[in-house]
Amino acid sequence: MKLMLVGILLLFFSCGKPGATPLVTYNVPTNIYNTYKKELDAVTGEIVSLTGKQLVRFVPNDQNPKYTDSLDAFNDYRSSDNAWILIKENNTQFTDISDGAAGIAYIGTNNSPTGIIVLNFSIPMTWSGHNFHQVVAHEVLHCLGYDHTFGDDYSIMNYNYVYGVSGITTIDRDRLATDFPFSLAVVTTKDLEKLAAFDEREESEKYAYHLMENFGLSESRAQIITRHLTSYKKLGGQRALNDREKDILSQEILGFGFEKGKMALEKYMQGEKESMEGLIILAANKNKTSPEHIKELFGELFLK
């Protein structure tokens, strides 16, 4: 219900817009844009939301603004909202940027990205297509809210990997999917379905792991049980399960029908344990785990 409400609000506010627009559109000096268009297009294509919407894009601009330092550029951006990739070409420009930095950006957030990147063309580094791509992608992620990472974190934001990988990494994509479930400009019903599927898959994986860790189930058996429970949970969200559906679910998970289990439980509560113990052994054999684990699993599934 909460997801549906969010979707309705976003769709309402996007009425009349022609289509999804990126969060940030960067102006790029025309000569730089033409030289590195392939790399800029690659960055646009890989920095996307969970639903595949572009979060940034780059457009050529015949201007080539220069500033004494990057803070002046950032203050101009805040007053005009014109995002730029700026180029430092000699040591009289952007004097706050050291010779050890290939680029700088002001770190934003996923809700409030920033729009100033400065590339340091004054340093003795070869600005090959690969190097340009990596620096721009790295700085764009700063603008979207990502700081440097360290150690073994396999991310383009880690100095250990920034030039050693090609584009952003799987870890970077996962973080973008989490922080940008969809573009803020236009949200469609299909976006919401993808988001719901992503959340459902993530929750299913967590629950399957929980079953493996706590009830001694194999990975394949935990996944089967999770799949059954997820299917019936969806159905149960629409209406009450009927007796036949309860029977099928119990049979698939425990190896005996719901009514049979209910009767055995009633007898157990009255002091007659034989029927229930027989069903527990049956369920343990079906799930290839111990009777003790089945008792706990029974409580997990049916007594909450």
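Residues numbered from 1 in each chain as written. Predicted model: local features only at pLDDT ≥ 70, side-chain atom pairs only at ≥ 80, totals over all residues. Heavy atoms only, no water.

### Points about the packing of aromatic side chains
Two aromatic rings are characterised by how far apart their centres lie and by the angle between their planes.
Move 1: In total, this model carries 9 aromatic pairs according to the counting rule given.
Move 2: For the pair Phe-74 and Tyr-77, a centre-to-centre distance of 6.1 Å together with 35° between the ring planes defines the contact as tilted. Residue Phe-74 and its partner Tyr-77 are both found in helix H4 (residues 70-80); the two are separated by 3 residues, about one turn of the helix. The burial state of Phe-74 is the same as that of Tyr-77; both residues are buried.
Move 3: Ring pairs connect the aromatic residues Tyr-36, Phe-121, Trp-127 and Phe-132, which therefore count as one cluster. (Phe/Tyr/Trp six-rings, centres within 6.5 Å; stacked < 30°, edge-to-face > 60°. Helix = DSSP H or I, 4+ residues; strand = E, 2+ residues; numbered from the N terminus. Buried < 20%, exposed > 50% of the residue type's maximum accessible area, 1.4 Å probe, protein only.)

### What about the pattern of salt bridges?
Move 1: Inspection of the entire model under this criterion finds 3 salt bridges.
Move 2: Notably, a salt bridge pairs Arg-175 with Asp-153, separated by 2.7 Å at the nearest N-O pair. With Arg-175 in helix H6 (residues 170-179) and Asp-153 in the loop between helix H5 (129-143) and H6, the pair connects residues that are 22 residues apart, well separated along the chain.
Move 3: Among the residues examined, Arg-175 registers a relative accessible area of 28% and is labelled partly exposed.
Move 4: For Asp-153, a relative accessible area of 18% translates into the label buried. (Salt bridge = Lys/Arg side-chain N within 4 Å of Asp/Glu carboxyl O.)

### Looking at the side chain of Asn-158
Move 1: By the secondary structure assignment, Asn-158 is in the loop between H5 and H6.
Move 2: Look at Asn-158 and you get buried, because its relative accessible area is 1%.
Move 3: From its side chain, Asn-158 meets the backbone oxygen of Gly-151 in a polar contact 3.1 Å long.
Move 4: Not counting residues up to four positions away in its chain, the partners in contact with Asn-158 are Thr-149, Phe-150, Gly-151, Asp-152 and Asp-153. (Polar contact = N/O pair within 3.5 Å; in protein donor to acceptor, adjacent residues only side chain to side chain. Contact = heavy atoms within 4.5 Å.)

### Observations regarding H4
In an α-helix, one turn spans 3.6 residues; hence positions three or four apart end up facing the same way.
Move 1: Residues Ser-70, Ala-73, Phe-74 and Tyr-77 constitute the buried set of H4. Down the axis, H4 shows its buried residues gathered within 95° of arc, on one side only.
Move 2: Elements that come into contact with the buried residues of H4 comprise strand S3 (83-88), strand S4 (103-105) and strand S5 (116-120).
Move 3: At the N-terminal boundary of H4, the capping side chain belongs to Asp-69, with an oxygen 3.0 Å from the backbone nitrogen of Leu-71.
Move 4: Immediately beyond the C-terminal end of H4, within one or two residues, lies Asp-81, with a positive phi of roughly 65°. (Arc of directions from axis to C-beta.)

### A short note on a negative patch on the surface
Move 1: A surface patch of negative charge is lined by Asp-243, Asp-247, Glu-259 and Glu-266.
Move 2: Of all the elements in the fold, those that place two or more residues in the negative patch are helix H9 (243-254) and helix H10 (258-269).
Move 3: Its location among the elements puts Asp-243 in helix H9. (Patch = residues over 30% accessible without salt bridge, like charges linked within 9 Å, V, L, I, M, F, W, Y side chains within 5 Å. Areas by Shrake-Rupley, 256 points an atom, 1.4 Å probe, with all protein chains shown as cover. Lys, Arg positive; Asp, Glu negative; His and termini not counted. Charge placed at Lys NZ, Arg CZ, Asp CG, Glu CD.)

### A few points about H5
Move 1: Taking 1.5 Å of rise per residue, the 15 residues of H5 would be expected to cover 21 Å, and the 21 Å separating its terminal C-alpha atoms lies within 8% of that figure.
Move 2: When you tally the buried positions in H5, you get 13 out of 15 residues, the bulk of the element.
Move 3: Gly-145, located one to two residues past H5, shows a positive phi value of around 115°. (Expected span 1.5 Å × (residues − 1).)

### Re the nonpolar core
Move 1: Of all hydrophobic cores here, the largest spans 48 residues; its most connected members are Tyr-26, Phe-58 and Ile-85.
Move 2: A per-element tally of this core places H5 first, with 7 residues.
Move 3: Excluding residues that lie within four positions of it along the chain, Ile-85 makes contacts with Tyr-26, Asn-27, Val-28, Pro-29, Leu-40, Phe-58, Ile-117, Leu-119 and Val-136.
Move 4: In terms of nonpolar packing, the next biggest core, distinct from the first, is built from 18 residues, Leu-217, Ile-253, Met-276 and Leu-297 among them. (Core = buried A, V, L, I, M, F, W, Y, C linked by side-chain atoms within 4.5 Å.)

### Digging into unusual backbone geometry
Move 1: A positive phi angle is found at Asp-81, which is not glycine, with a value near 65°.
Move 2: Position of Asp-81 among the secondary structure elements: in the loop between H4 and S3.
Move 3: Positive phi is not limited to glycine here, since Lys-288 has a value of about 55°.
Move 4: Within the secondary structure layout, Lys-288 lies in the loop between helix H11 (274-287) and helix H12 (291-302).
Move 5: On the accessibility criterion, Lys-288 (72% relative accessible area) is exposed.

### Considering the packing of helix H3 (residues 37-46) against H5
Move 1: Taken N-terminus to C-terminus, the directions of H3 and H5 make an angle of 40°; their axes are 9 Å apart at the nearest point. Between H3 and H5, the crossing angle belongs to the class labelled oblique. The crossing of H3 and H5 is right-handed. Along the contact surface, H3 presents Glu-39, Leu-40, Ala-42, Val-43 and Glu-46, while H5 presents Gly-129, Phe-132, His-133, Val-136 and Ala-137.
Move 2: Partitioned by chemical class, the residues of the contact of H3 with H5 number 6 nonpolar, 2 polar and 2 charged. (Axes fitted to C-alpha atoms, helices over the stretch in contact; angles between N-to-C directions. Parallel < 35°, antiparallel > 145°, perpendicular 65-115°, else oblique. Left-handed = near helix turned anticlockwise from the far one by under 90°. Nonpolar A, V, L, I, M, F, W, Y, C, P; charged D, E, K, R; others polar.)

### Considering the packing of H9 against H11
Move 1: Contact geometry of H9 with H11 gives a least axis separation of 8 Å together with a crossing angle of 65°. When the axis of H9 is compared with that of H11, the two are roughly perpendicular. Contacts between H9 and H11 involve Gln-251, Glu-252, Ile-253 and Leu-254 from the first element and Leu-282, Ala-283, Lys-286 and Asn-287 from the second.
Move 2: Broken down by class, the residue content of the contact of H9 with H11 amounts to 4 nonpolar, 2 polar and 2 charged.

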